[in-house]
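In case you want the letters, here they are:
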Amino acid sequence: MTWFDALLVTLLAVMTALGARRGLAGLAWGGLGVTICFLVASLGGPIVTTVAALLLSLGCAVIIVRLLPHSAEQPWHLLAGGVGGLALGGVLIATVALGFPLDVRVTPAGTTGVYPSANMPPALYEAVRNSALQNSLRGVWGGNVALRTLLIPDQTRRQ
């Protein structure tokens, strides 16, 4: 485990706590946040993506504020909010773990990608390369198209 893993786990804990603090609104926040990320990642250019993300997130925020209570009325609301925060936090840390530059190498066997790029600063390169969380997410590169679209949309569009 590296300092990069500790940073990712801390980020996941913060997102889970934020969701739990909001109760049912946290569940909606997490679920709609993951949905918006997927929908926006499926779109094309940067301007369309930015506008869509802003409009969808604003619309969801208005709906959540008007329809759901701000605080947890029942103890299970905390758990539901924590699940929403955990889902959104999981997507966030996976995206951060897989979002570093990729080296493309051309060999006689064909083109291969090497992750992470060796051109990063040495301390960062070692932390990311030796990261237990990042290594557990390597299957995403060759996995389900929907998961790749959610976590590494730029790489999915290139293929």
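Residues numbered from 1 in each chain as written. Predicted model: local features only at pLDDT ≥ 70, side-chain atom pairs only at ≥ 80, totals over all residues. Heavy atoms only, no water.

Asks: Any chance you could explain the environment of Ala97 here in plain terms?
Replies: Tracing the backbone through its elements, the reader meets Ala97 in helix α4 (residues 75-97). Contacts of Ala97, omitting those with residues within four sequence positions, involve Phe4, Leu8, Tyr115, Gln134 and Leu137. (Helix = DSSP H or I, 4+ residues; strand = E, 2+ residues; numbered from the N terminus. Contact = heavy atoms within 4.5 Å.)

Asks: Is there a simple way to explain α4 in this structure?
Replies: Since the α-helix advances by 3.6 residues per turn, residues separated by three or four positions end up pointing in the same direction. For α4, with 23 residues, the first-to-last C-alpha span of 33 Å sits near the 33 Å given by 1.5 Å per residue. Turning to α4, its buried residues number three or more, namely His77, Ala80, Gly81, Gly82, Gly84, Gly85, Leu88, Gly89, Val91, Ile93, Ala94 and Ala97. The inward-facing, buried residues of α4 abut α1 (3-22), α2 (24-41), α6 (132-136) and α7 (145-151). (Expected span 1.5 Å × (residues − 1). Buried < 20%, exposed > 50% of the residue type's maximum accessible area, 1.4 Å probe, protein only.)

Asks: I would appreciate a short explanation of unusual backbone geometry in the present structure.
Replies: Backbone phi values are negative for most residues with the exception of glycine, while trans is the configuration of most peptide bonds. In this chain, Tyr115 is followed by Pro116 through a cis amide linkage whose omega measures -5°. Residue position: Pro116 is located in the loop between β2 (110-114) and α5 (122-129).

Asks: Hey, could you run me through the side chain of Thr2 in this one?
Replies: Within the fold, Thr2 resides in the segment before α1. If near-sequence neighbours (up to four positions away) are discounted, Thr2 is found in contact with Ala127, Asn130 and Ser131.

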